[in-house]
Amino acid sequence: MADNNDVFYMHGAEEQVCAGYLYKSPPENQFKSQKSWKRRFFVLLKYRDNICQLKYYKNEEKNKPLGDIDLSKVTYMFLYPEMHAMWKWIHKNFRCSSSSVMFIRVQERDYFLIGENSWEMDKWFTALFDVLNNRPHRLLDSKTFGSKRHISEPLRSENDNTQTKLTTDINHEDNDTDDLSE
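Quick caveat, the model's predicted, so the values are computed rather than measured. (Residues numbered from 1 in each chain as written. Predicted model: local features only at pLDDT ≥ 70, side-chain atom pairs only at ≥ 80, totals over all residues. Heavy atoms only, no water.)

## Structural notes on helix α3 (residues 118–133)
Item 1. Between its first and last C-alpha atoms α3 spans 22 Å; for 16 residues at 1.5 Å apiece the expected length is 22 Å, and the two agree.
Item 2. Residues Glu-120, Met-121, Trp-124, Ala-127, Leu-128, Val-131 and Leu-132 constitute the buried set of α3. Within α3, the buried residues cover an arc of 130 degrees as seen down the axis, which keeps them to one side.
Item 3. Considering only its buried residues, α3 is in contact with β1 (15–24), β2 (38–46), β3 (52–57), β5 (74–79), β6 (101–106) and β7 (109–114).
Item 4. Measuring from the side-chain oxygen of the N-cap residue of α3 to the backbone nitrogen of Trp-119 gives 3.2 Å; that N-cap residue is Asn-117. (Helix = DSSP H or I, 4+ residues; strand = E, 2+ residues; numbered from the N terminus. Expected span 1.5 Å × (residues − 1). Buried < 20%, exposed > 50% of the residue type's maximum accessible area, 1.4 Å probe, protein only. Arc of directions from axis to C-beta. Contact = heavy atoms within 4.5 Å. Polar contact = N/O pair within 3.5 Å; in protein donor to acceptor, adjacent residues only side chain to side chain.)

## Quick word on the nonpolar core
Item 1. Counting residues in hydrophobic clusters, the biggest one holds 23 residues, and the most contacted among them are Leu-44, Leu-71, Met-102 and Ile-104.
Item 2. Of all elements in the fold, only β1, β2, β3, β5, β6, β7 and α3 reach the threshold of two or more residues within this core.
Item 3. Among the elements that line this core, the one with the most residues is α3, at six residues.
Item 4. Among all residues touching Leu-44, those that are not within four sequence positions of it are Glu-15, Gln-16, Val-17, Cys-18, Cys-52, Gln-53, Leu-54, Leu-71, Trp-124, Ala-127, Leu-128 and Val-131.
Item 5. Counting 12 residues, the second largest nonpolar core, distinct from the first, contains Trp-87, Ile-90, Phe-112 and Ile-114. (Core = buried A, V, L, I, M, F, W, Y, C linked by side-chain atoms within 4.5 Å.)

## Quick notes on the environment of Tyr-23
Item 1. Secondary-structure assignment places Tyr-23 in strand β1.
Item 2. Overall, the relative accessible area of 29% leaves Tyr-23 in the partly exposed class.
Item 3. As for Tyr-23 and Val-101, which are separated by 78 residues in sequence, their C-alpha atoms are 9.3 Å apart.
Item 4. Among residues more than four places away in sequence, those in contact with Tyr-23 are Lys-38, Arg-39, Phe-94, Phe-112, Leu-113 and Ile-114.

Remember that the coordinates give geometry; whether it matters functionally is a separate question.
The following block contains the structure:
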């Protein structure tokens, strides 16, 4: 049997940034069925030009991916999802701490990923944050009413005087706030 990394090099990946087992939430209509949550082997791959993919497999053999999370469409990502409406259900059914859970929102779907411990989820969050921070894109910032901001820009607080100017400038731009890419 070939080395596990050979599969990725055949497909053009230059680096395996992070890999490991995580529980993945199902689509929203199956969310409250604990059997629908699947333990999958996730791999964060880096290609040329800082293009990255987050793929998941049934196991470590990584023969054929079962799916992927499109990182180019991530609009929101955070650890400790205690404020999310589904947190109580997740905590009750998986008996995990919030530090072991990450939430990722992409345009078409929300994902909860559950790791074995907080150290593992910190590792995943850091790897994904670095990948997302190094790609050319913009995230929607709810504090500026749907205006665009680059992920590397800090969030603006309600007391920040620059927020008014940013909102004013955006109101004079073309009305393309639904497009997440430049």
